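These are the residues of each chain, in order.
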Amino acid sequence: YSLAMNNWPMLLGTFLSLLTILGIYIISINYMMRQKKIAEIKTDFINNMSHEFKTPLATISVATDSLANDIIATNPEKVKYYSSLIRQENLRMKKQVENVLNMSKLERNEVKLFLKETNVRELIKKTTESFNLIVAQRNGTLTQEFNASKYVFKIDEFHISNMLVNLLDNANKYSPETP
């Protein structure tokens, strides 16, 4: 007992040192886990953005190649169709750039969804229109089938459109020779 009493200051100092080391260890692990999560988010973001830019670029590429074809170039309706597709995909890319610039708002939890009553059936038709070119290039077909009785919802058109493009792009990418 007297040995413990004589060494009390040293035991207390040792205990406080151990608590300090344990605290520093816990804080360090927490910091490293947070850094790892940030790195994963950045990697996911880069992968998603390259996916988001690849599809409009592919559509624009196919449309411009089609416009270079003499048969299509002499058909005003086809020229109008392909130029409107290029314009539409260009707007999609512009929105993606704005999306990238707004990522700092995401980190501060300031993202705003622009919800509006939207005819989802028409949005699907518009989105698949530009994708028809990419699928047709592989001699594939894109079939639309609408069975839902309710198709007007309050949505963020931009994000739903991106989701549809991702689904279509993956379906095209991972399907057999003629999708």
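Details of the structure are given in the entry above.
Computed from a prediction, not measured in an experiment: that's the story for all the values here.

Mapped onto the elements of the fold, Thr 127 is located in helix 6 (residues 120–137). Apart from residues lying up to four places away in sequence, Thr 127 is in contact with Arg 92, Ser 161, Leu 164, Val 165 and Leu 168.

With that out of the way, let us pick up helix 7 (residues 157–173). Because an α-helix completes one turn every 3.6 residues, residues spaced three or four positions apart along the sequence face the same direction. With 17 residues, helix 7 ought to run about 24 Å at 1.5 Å a step, and its terminal C-alpha atoms sit 24 Å apart, in line with that. Restricting attention to buried positions, one finds in helix 7 the residues Phe 158, Ser 161, Asn 162, Leu 164, Val 165, Leu 168, Asp 169 and Asn 172. Here the buried residues of helix 7 occupy an arc of 165 degrees about the axis, which is enough to place them on one side.

Before going further, it helps to spend a moment on helix 2 (residues 8–68). If you check helix 2, its first and last C-alpha atoms are 89 Å apart, about what 61 residues at 1.5 Å a residue would give, namely 90 Å. Considered for burial, the residues of helix 2 that qualify are Met 49, His 51, Glu 52, Thr 55, Pro 56, Thr 59, Ile 60, Val 62, Ala 63 and Ser 66.

Overall, the coordinates contain one aromatic pair when judged by the stated rule. On the basis of an interplanar angle of 65 degrees and a centroid distance of 5.2 Å, the ring pair of Tyr 81 and Tyr 82 is categorised as edge-to-face. Cation over ring: Arg 121 sits above Tyr 151, and NZ or CZ is 3.9 Å from the ring centre.

Turning next to unusual backbone geometry. Backbone geometry at Asn 139 places phi at a positive 60 degrees, although glycine is not the residue there. With respect to the helices and strands, the residue Asn 139 is situated in the loop between helix 6 and strand 2 (152–156). Residue classification places Asn 139 among the exposed residues on the basis of a relative accessible area of 64%.

The next point concerns the pattern of salt bridges. Overall, the coordinates contain five salt bridges when judged by the stated rule. Residues Lys 125 and Glu 122 are paired through a salt bridge, measuring 3.6 Å at the closest nitrogen-oxygen approach. Residue Lys 125 and its partner Glu 122 are located together in helix 6, separated by three residues, close to a single helical turn. Its relative accessible area of 41% is what places Glu 122 among the partly exposed residues.

Thresholds applied
- Residues numbered from 1 in each chain as written.
- Predicted model: local features only at pLDDT ≥ 70, side-chain atom pairs only at ≥ 80, totals over all residues.
- Heavy atoms only, no water.
- Helix = DSSP H or I, 4+ residues; strand = E, 2+ residues; numbered from the N terminus.
- Contact = heavy atoms within 4.5 Å.
- Expected span 1.5 Å × (residues − 1).
- Buried < 20%, exposed > 50% of the residue type's maximum accessible area, 1.4 Å probe, protein only.
- Arc of directions from axis to C-beta.
- Phe/Tyr/Trp six-rings, centres within 6.5 Å; stacked < 30°, edge-to-face > 60°.
- Lys NZ or Arg CZ within 6 Å of the ring centre and 35° of its normal.
- Salt bridge = Lys/Arg side-chain N within 4 Å of Asp/Glu carboxyl O.

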